[in-house]
Amino acid sequence: MTSSLAVIRPWFRKRECADGIVRVDEPHVHEFLRANIWLIRGETRNLVVDTGLGVAALREEVPELFAGDPVLVVTHAHLDHMGSAHEFDVILAHPAERTDSPVGDTVVGPLLASQLGLSLGDEAMPEVLLTARPHPDFDPLVHRLRPTPATGDLLDGETIDLGDRILTALHLPGHTSGSLALYEAKTGALFSGDVIYDDVLLDDLHGSDRGAYANSLERLRALPIQTVYPGHGDPFSGERMREIIDAQLREWAAMRAPGR
Ligand SMILES: [Zn+2]
């Protein structure tokens, strides 16, 4: 099994977005775990949001993520968002997220599903959530996530100042209890982690809370968001975000309706 995966380098894919924002992801990770790493360039320092799966060395392949005295924000302690957190010096997370003892640490599909409490219904989880290997010595069956304590807390309403741009932390529990998003009022940009992306939202993992999630989505809906830079998939408009939120809130309301 292990040897059947080809070794592919470079492992990371980098794309420039508008407005000094760079998107990095891992094309050879199964789409379930293929998360975005965002770089936001500022005048006095850079901000990195999330770090991918941690199966390859980020600093080696994407050194620009480490330029400009970067502050890393880990949106939540799921393995596909904090894998390479250990490569950074300044790591902020919400105190409700246990980046030092995360739940879920393997790329073996069925094992990860049971660790996270993921119920996929009839959709089988692949044996290994990678379609290639980052280096010849990499064994997906033995690889484990490296737990990494945050170096500081980031609380709701606190800001990160990059000189010419300021991002405000939003504590939006639901997907996990300490999920964070970052909002830039000047541009209406939202870095949303797994709070919202344009696909099925995961609201029933270990640690998920549907009631809190609904409140978090209501809160996002009320903000003048222009562009969402999500934890998974392509950026999308604020208008699309409000459509996703409305559909999700309707679905949860129907689940609570009598007779179900
Ligand atoms: Zn997640």
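Basis of the calculations
Residues numbered from 1 in each chain as written. Predicted model: local features only at pLDDT ≥ 70, side-chain atom pairs only at ≥ 80, totals over all residues. Heavy atoms only, no water. Helix = DSSP H or I, 4+ residues; strand = E, 2+ residues; numbered from the N terminus. Expected span 1.5 Å × (residues − 1). Buried < 20%, exposed > 50% of the residue type's maximum accessible area, 1.4 Å probe, protein only. Arc of directions from axis to C-beta. Contact = heavy atoms within 4.5 Å. Donors = N, O, S within 2.8 Å, 3.2 Å for Na, K, Ca; no water. Tetrahedral: all angles 85-135°; square planar, octahedral: opposite > 155°, others 65-115°. Polar contact = N/O pair within 3.5 Å; in protein donor to acceptor, adjacent residues only side chain to side chain. 1 Å grid on protein atoms, 1.4 Å probe; cavity = no way out; pocket = protein on both sides within 12 Å on 5 of 7 lines; lining within 4 Å. Points joined across faces, edges and corners; volume = space filled by probe spheres on them. Nonpolar A, V, L, I, M, F, W, Y, C, P; charged D, E, K, R; others polar.

**Q** Looking at this structure, I do not really get helix α5 (residues 238-256). What am I missing?
**A** Along an α-helix, a turn takes 3.6 residues, which lines up residues three or four apart on a common side. With 19 residues, α5 should reach 27 Å at 1.5 Å per residue; the first-to-last C-alpha distance of 27 Å fits that figure. Those residues of α5 not exposed but buried are Gly238, Met241, Ile244, Ile245, Gln248, Leu249 and Trp252. Axial view of α5: buried residues confined to an arc of 130°, hence all on one face. Opposite the packed face of α5, turned more than 90 degrees from it, sit the exposed residues Glu239 and Arg250. Buried positions along α5 lie against β11 (189-193), α4 (210-221), β12 (227-230) and β13 (236-237).

**Q** I'm lost on the coordination of the zinc ion in this one. Help?
**A** Metal coordination angles in their ideal form are 109.5 degrees for the four-donor tetrahedron and 90 or 180 degrees for the six-donor octahedron. Protein ligation of the zinc ion involves His76 (NE2), His78 (ND1), His175 (NE2) and Asp194 (OD), the donor distances falling in the range 2.2 Å. Every donor counted, the four donor atoms about the zinc ion form angles of 91 to 174° at the centre, which fits irregular coordination. The sequence pattern formed by the donor residues of the zinc ion is H-x1-H-x96-H-x18-D. With His76 in the loop between β5 (71-73) and α2 (79-82) and His175 in the loop between β9 (166-171) and β10 (180-184), this pair connects stretches of sequence that are 99 residues apart. Accessibility expressed as a relative area gives 1% for His76, which makes it buried. With relative accessibility at 1%, the residue His175 sits in the buried group.

**Q** Would you mind showing me how to read the environment of Asn46 here?
**A** With respect to the helices and strands, Asn46 occurs in the loop between β3 (37-40) and β4 (47-49). For the pair Asn46 and Leu65, spaced 19 residues apart in sequence, the C-alpha separation works out to 8.1 Å. Within polar-contact distance, the side chain of Asn46 engages the backbone nitrogen of Gly42 at 3.2 Å.

**Q** Would you explain the side chain of Thr106 in this entry?
**A** Here Thr106 lies in the loop between β6 (91-93) and α3 (109-116). Among the residues examined, Thr106 registers a relative accessible area of 0% and is labelled buried. Within the local environment of Thr106, its side chain forms a polar contact with the side chain of Arg144, the two groups lying 3.5 Å apart. Ignoring sequence-local partners within four residues, the contact set of Thr106 consists of Leu79, Leu111, Leu112, Gln115, His143 and Arg144.

**Q** Sorry, what's going on with the layout of surface pockets here?
**A** Leftover empty space is mapped by rolling, across the atoms, a probe with the size of a water molecule. Size it by volume and the largest pocket reaches roughly 1000 Å³. Lining the largest pocket are 43 residues, and of these Phe32, Tyr197, Asp199, Val200 and Leu202 lie nearest its centre. The set of elements that each furnish at least two residues to the lining of the largest pocket consists of β1 (13-16), β2 (21-25), α2 and α5. Broken down by element, the lining of the largest pocket gets its largest block of residues, seven residues, from α5. Taken together, the residues of the lining of the second largest pocket break down into four nonpolar, six polar and two charged.

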